[in-house]
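A look at the structure
These are the residues of each chain, in order.
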Amino acid sequence: MTNTDATSQDPGTRPAHAPILSLRGISKSFGAVSALTDIELDIHPGEVVALVGDNGAGKSTLVKILAGVHQPTAGTIEFDGKEVSIASPGAALGLGIATVFQDLALCENLDVVANLFLGHELSALRLDEVSMEVKAWTLLRELAARIPSVREPIASLSGGQRQTVAIARSLLLSPKIIMLDEPTAALGVAQTAEVLNLIERVRDRGLGVIMISHNMEDVRAVADRVVVLRLGRNNGIFTPDASNQELVAAITGATENAVSRRRDRKAAQHSAVEEIAL
Amino acid sequence: MIQNSQPALDRSDERVRHDETLSGALKGFLDRIRSGDLGTLPVVVGLIVISAVFTYLNPVFIAPDNIVNMLFDCATVGVISLGIVCVLMLGEIDLSVGSMSGFASAIVGVLWVNHGWPIAAAIAVAICAGAVCGGIYALLFNRLGMPSFIASLSGLLAILGMQLYILGPTGSINLPYTSPFVMFGQILIMPGWCAYILAVLPGAVMVLTGMSTRTRRLAANLSARPLTAVLLRAGLMTIGLVLAVYYLSLGRGVPWMFGMFVGFVVVMNYALTRTKWGRSMTAIGGNREAARRAGINVRLIYTSAFVLCSTLAALGGILSCARLASSSQQAGTGDVNLNAIAAAVIGGTSLFGGRGSAWSALLGIIVIQAISNGLTLLNLPSSLRYMITGGVLAIAVIVDSLARRSRASHGRA
Ligand SMILES: Nc1ncnc2c1ncn2[C@@H]1O[C@H](COP(=O)(O)OP(=O)(O)OP(=O)(O)O)[C@@H](O)[C@H]1O
Ligand SMILES: [Mg+2]
């Protein structure tokens, strides 16, 4: 196992700036379950951090704490060098932390435009539908969205279309940090590529990005650092060129695991087949 | 016509049928109905059927003066129903609106007649009582997580108790017939010219906003509704309204009180559809957690809805004591509560939250009043009236549930 210590990491991969967001000793328990224990995490401007871990590792919980949906049980959050408490989703958005939630959090009875601008409509007393619709199309174009009409309720969209809407919404407020919880889980090939492009674009604009994904290929493609959570604890920080074996070992907590066993078995079968063929 | 080289922004996906022409607009309308997005259609059809039946049974029903009376009655409960629309939009309920209206009418009677306060002050106190009551429900809901159903059910009893308490042993106060307040509730009618202007105004506003929206949309490279469709809608509406005003003027004319009620409906409709507040209401009714995560102050919106509902209930009570020229222990009891809630649901506001419109209060209360008025004309006993009104409410809820299912399967939430 090549777990690096959570706080001492390869200095070569760390951007020179001070972190825009740093978590110290964040813990969260739901009743008897401790979903997160003593999490340490730094996000720098212009950096993509991939958060990986098994199902139930606590990734979404961490994102929800930063989005103001849950309150941490213990620990401190520093944003832009100042200690903050993110008491509500509104507070998180106010700080400049935008989130694409795993469950998307869209209102099915509202149309695409209304969902994109929800809580941040243009001109509160006389909604400016025309400007909102134009802006909506611009955002969706950027993501190569395949959405036939922005005036249909969200309920009529496919899973991937909804995901695109949720991602577009996170860009609306020009945030400083974007958190994407499995943003490409339901997306088609072109849309996934567009989202990865987008992640690189916002990184180049100097935003911090936290991306959660189970897809190691996507992670390797865009991440500057890979942070592994396991059973609610930090379990190592890697560079994206770390070997698959290393990552899987950190995620599952053992060099000998379901993934490696399967790979070994496949390899054995493969060589057996080759032997027969010979 | 401006010829754009590139297709309009919202016309670039070739899978969408584009309803550019008048027949296209009609086709879109039929599609919506079929998918369960019924809007006001069932209630309009229902109203026509009800009127036809009652007119057949007793022609007095359709007489202009009977309709004028009906409109006076609509205004009182209709205002209460408008508040119910607000809480239903959030998927909540207020069962104490009847009691609140009775309490408000008692406050006006006691302060104005018994204590000799100026009428305006008495009305202000009654309205404030409504606002405070709504504030208490909001507090119980937001801070203690008490379901509005239970909070308002206990409120129903408590407020009724207060009404009986302040009325004291006499139990009934007569309001002076000659006062402008009671005249407003019983006889004040718009002058003819005023009624006609008000009948033409909505169509004119529709055309003007329709044209300005169209120019703005075309300028922004978006598709726009065909001008003929806008003109047709506005024209049909104006003709309808002018005919209605003409018919009413064959009797006493259009009551000011009803005009005020319609004014409230228009304002509420604007607030629900064209403001950030209304958008937040719809969003919370659809998915409370999503609305919260979008940064909406959910508690504040709940508070506004509960306060608005109780305040409008108080206002409805004030109007009804003007209508009856008395504040009594019976005010606000009986079927007031049910009628106010039923009107909103019959008019098409969903009990499940997230769908509804201010117009449903207007349409629904007209249906309810038509039924109750028609049954009264037939000299049916109140036992039968209750049963029939109950049946109509059941039908309305069934239509709501079925339409909801159909919408779910057509992806319209
Ligand atoms: N609202 C909640 N109440 C109680 N327990 C919760 C709640 N949310 C999450 N948990 C628990 O916290 C743990 C971590 O959940 P979380 O959703 O963060 O996992 P995850 O890493 O996002 O998993 P996945 O990859 O499946 O999305 C789980 O054991 C879960 O049961
Ligand atoms: Mg998750």
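Okay, so let's go over this structure.

What counts, and at which threshold
- Residues numbered from 1 in each chain as written.
- Chains lettered and ligands numbered in written order.
- Predicted model: local features only at pLDDT ≥ 70, side-chain atom pairs only at ≥ 80, totals over all residues.
- Heavy atoms only, no water.
- Near = heavy atom within 4 Å.
- Polar contact = N/O pair within 3.5 Å; in protein donor to acceptor, adjacent residues only side chain to side chain.
- Nonpolar A, V, L, I, M, F, W, Y, C, P; charged D, E, K, R; others polar.
- Phe/Tyr/Trp six-rings, centres within 6.5 Å; stacked < 30°, edge-to-face > 60°.
- Buried < 20%, exposed > 50% of the residue type's maximum accessible area, 1.4 Å probe, protein only.
- Helix = DSSP H or I, 4+ residues; strand = E, 2+ residues; numbered from the N terminus.
- Lys NZ or Arg CZ within 6 Å of the ring centre and 35° of its normal.
- Contact = heavy atoms within 4.5 Å.
- Buried area = accessible area lost by both parts, 1.4 Å probe.
- Salt bridge = Lys/Arg side-chain N within 4 Å of Asp/Glu carboxyl O.

The subject of this paragraph is the site of ligand 1. Residues and elements named next belong to chain A. Taken together, the neighbourhood of ligand 1 is formed by 13 residues, with Gly56, Lys59, Ser60, Thr61 and His214 sitting nearest. At a separation of 2.9 Å, an oxygen atom of ligand 1 approaches a polar side-chain atom of Asn55. When the residues that make up the shell around ligand 1 are grouped by side-chain class, the tally is three nonpolar, seven polar and three charged.

What the rule picks out here adds up to five aromatic pairs over all chains. Between Phe54 of chain B and Phe61 of chain B, the aromatic rings sit 5.4 Å apart at their centres with planes inclined by 35°, giving tilted as the arrangement. The pair formed by Phe54 of chain B and Phe61 of chain B is uniform in burial state, with each residue classed as buried. Residues Trp112 of chain B and Phe181 of chain B carry aromatic rings whose centres are separated by 5.5 Å and whose planes lie at 85° to one another, so their mutual orientation is edge-to-face. Of this pair, Trp112 of chain B sits in helix α4 (residues 97-114) while Phe181 of chain B sits in helix α7 (residues 180-186); the two residues are 69 residues apart in sequence, bridging distant segments of the chain. What makes Trp112 of chain B buried here is its relative accessible area of 15%. Here the aromatic cluster, defined as three or more aromatic residues joined through ring pairs, consists of Phe141, Tyr302 and Phe306 of chain B. Directly above the ring of Phe101 of chain A sits Arg293 of chain B, whose terminal nitrogen or CZ lies 4.4 Å from the centroid.

Counting from both sides, the interface comprises 40 residues of chain A and, opposite them, 32 residues of chain B. Between chain A and chain B, roughly 3100 Å² of surface is buried when both sides are summed, and carbon and sulfur atoms account for 58% of that area. Interface area lost by chain A to chain B is led by Asn109, Val130 and Pro148 of chain A, which between them contribute 18%. Our enumeration of links across chain A and chain B arrives at four salt bridges. One salt bridge in this structure joins Asp128 of chain A and Arg216 of chain B, with 2.9 Å as the shortest N-O distance. The tally of links from chain A across to chain B stands at twelve residue pairs in polar contact (both at pLDDT 80 or more). Within the residue set of the side of chain A that touches chain B, elements represented by two or more residues are α2 (89-95) and α4 (129-142) of chain A. For the side of chain A that touches chain B, the element with the highest residue contribution is α4 of chain A, accounting for eight residues. Split by residue class, the side of chain A that touches chain B holds 21 nonpolar, seven polar and twelve charged.

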